[in-house]
Amino acid sequence: MFLPMGVSVNTQGHLAVGGVDTLQLARQYGTPLYVMNEDVIRSMLREFKRSIDENYENGGMVAFASKACGFSQMFRIAAEEGCGVDVSSGGELYTALKAGFPAERIVMHGSCKTEEELELAVENGVGRIVVNDAYELRRLTRVAQRLGKTADIYLRVTPGIDAHTHSAVMTGQIDSKFGFTLENGDAMQAVKDALAEPVLSLKGLHCHVASQVFDEQPFRDAARVMLTFLRDIRTETGVTLGELDVGGGFGVPYTAADEAKPCTEYMKWTADAMHDYAATLDFPLPRILIEPGRAVVAHAGVTLYTVGGIKDIPNVRKYVCINGGMCDNPRYALYEADYTVCVADRAGEEPCERVTVAGRCCESGDLIQENTPLQPCDEGDTLAVLCTGAYNYSMSSHYNRYPKPPVVMVRDGETYVAVKGETYADLLSHDC
Ligand SMILES: *Cc1c(COP(=O)(O)O)cnc(C)c1O
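Residues numbered from 1 in each chain as written. Predicted model: local features only at pLDDT ≥ 70, side-chain atom pairs only at ≥ 80, totals over all residues. Heavy atoms only, no water.

## So, the pattern of salt bridges
Link 1 in the chain: Counted under the stated rule, the structure contains 24 salt bridges.
Link 2 in the chain: The closest approach of N and O atoms between Lys261 and Glu259, which form a salt bridge, is 3.1 Å.
Link 3 in the chain: On the accessibility criterion, Glu259 (39% relative accessible area) is partly exposed.
Link 4 in the chain: Linked by salt bridges that have partners in common, Glu38, Arg42, Arg46, Glu80, Glu81 and Arg411 make up one network. (Salt bridge = Lys/Arg side-chain N within 4 Å of Asp/Glu carboxyl O. Buried < 20%, exposed > 50% of the residue type's maximum accessible area, 1.4 Å probe, protein only.)

## Some details on the pairing of strand β15 (residues 317-322)
Link 1 in the chain: As defined by bridge partners, strand β14 (residues 301-313) adjoins β15 across six bridges and the pair is classed as antiparallel. The residue bridging Asp312 from the neighbouring strand is Lys318, located in β15.
Link 2 in the chain: Counted between consecutive antiparallel strands, the loop separating β14 from β15 contains three residues, among which Asn315 sits at a positive phi close to 60°.
Link 3 in the chain: Here three bridges tie β15 to strand β17 (residues 353-358), and the two strands are oriented parallel to one another. Looking at β17, one finds that Val320 is bridged to Val357. (Pairing = 2+ DSSP bridges. Helix = DSSP H or I, 4+ residues; strand = E, 2+ residues; numbered from the N terminus.)

## Details of the packing of helix α2 (residues 38-55) against helix α9 (residues 264-281)
Link 1 in the chain: Where α2 meets α9, the closest approach of the two axes is 9 Å, and the angle between their N-to-C directions is 25°. Taken together, the axes of α2 and α9 are roughly parallel relative to one another. For the pair α2 and α9, the crossing hand works out as right-handed. Across the interface between the two elements, Glu47, Phe48, Arg50, Ser51, Ile52 and Asn55 of α2 pack against Thr264, Tyr266, Met267, Lys268, Ala271 and His275 of α9.
Link 2 in the chain: Here the contact of α2 with α9 is composed, by residue class, of five nonpolar, four polar and three charged. (Axes fitted to C-alpha atoms, helices over the stretch in contact; angles between N-to-C directions. Parallel < 35°, antiparallel > 145°, perpendicular 65-115°, else oblique. Left-handed = near helix turned anticlockwise from the far one by under 90°. Contact = heavy atoms within 4.5 Å. Nonpolar A, V, L, I, M, F, W, Y, C, P; charged D, E, K, R; others polar.)

Right under this line is the structure:
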């Protein structure tokens with residue numbers, strides 16, 4: 001069975017996270033339960049930092065993409081590790097600031113940012129605001145003028161690259177709602193507009209190709225397109241921009257079928273391409289930012305559920321029904337995401353059948369996985385879904401009015417609650 005980093009099978013044959021038995025976790029905290037391994041998160045952040053130090057002499061910053069998993073403790077961990085964070089909404093920004101995250105290491109993303117969000121960013125001196133379109137450029141100008149402050153910005157550019165991943169997570173191709181288009185001159189016009197605006201200080205460019213990318217080529221292509229554009233900007237305006245944020249998107253394996261690559265490859269690919277193209281284009285290497293989200297947290301997470309029953313339809317399929325679903329993990333319903341599933345107290349056994357794991361939301365599409373290998377299980381067993389650290393908690397909803405499960409962190413063999421589970425009373429807290 002595919003085991004992510006920090007997940008093991010203990011001597012009793014039970015699944016363990018960071019050495020802690022998942023059956024004990026389920027007993028102590030109840031299910032559904034998000035379990036996150038803090039040691040894995042920290043080691044991934046360190047690996048990404050090291051990958052810049054070792055491959056890119058011009059330096060840079062790892063900005064954890066907090067939309068992958070962004071509660072207060074995640075921001076504290078990223079701050080302690082000396083990383084930056086990327087936030088993509090007022091809510092993520094507010095959480096970061098309230099967690100004491102240093103504003104100068106925050107990169108503010110998002111499309112269609114409101115004046116209110118931009119105000120929060122400018123007022124608090126966020127490090128870089130990534131402007132997504134011409135409307136936003138004007139909105140940000142108004143906000144900065146009103147506050148009497150200068151905003152340090154990047155422009156988000158659509159590099160026009162097809163990354164061969166799921167269309168819902170593809171962002172770099174021409175047909176995208178994100179960023180200024182290069183081909184029709186929109187991006188160059190935005191550069192000129194930004195440079196002409198006294199309350200804006202254009203520091204560099206941003207692009208983000210896609211998510212869950214395993215190939216080197218899209219990252220090389222992005223480096224080529226962006227460096228070429230930086231060179232063109234120098235030619236047309238005389239300004240040499242010194243920073244390039246190449247986004248995130250590094251793929252991680254979810255099942256044995258996915259290829260596993262060390263996360264350091266990502267920066268190596270980008271650095272190699274930057275060296276090549278900087279030389280060809282005779283352009284100085286910019287400072288670099290990378291924004292890994294999924295790759296930092298996906299493997300750190302395991303979700304625990306309790307099996308409520310089995311529905312076996314002969315010659316059709318066998319459903320294993322659990323006490324959670326698309327409300328805590330919508331990724332299969334959204335884009336048929338792959339997961340490895342196992343019965344927590346039989347993790348050492350070979351899977352013996354193929355089943356469909358069904359959630360309990362009132363949608364036939366509320367499935368966690370179809371036709372997935374699983375060990376035998378019955379009512380009351382603890383079911384573990386692996387690699388749920390990214391885009392699970394952060395994508396959870398209150399559909400069917402299920403309270404959101406708690407997040408329990410494992411650190412050095414000890415556990416603590418990082419996010420409290422919601423109660424029914426919490427569900428009423430905003431009803432008038
Ligand atoms: C989503 C996103 C990321 C992180 O992507 P991952 O695939 O989780 O690494 C980074 N930067 C931007 C701008 C994003 O939108």
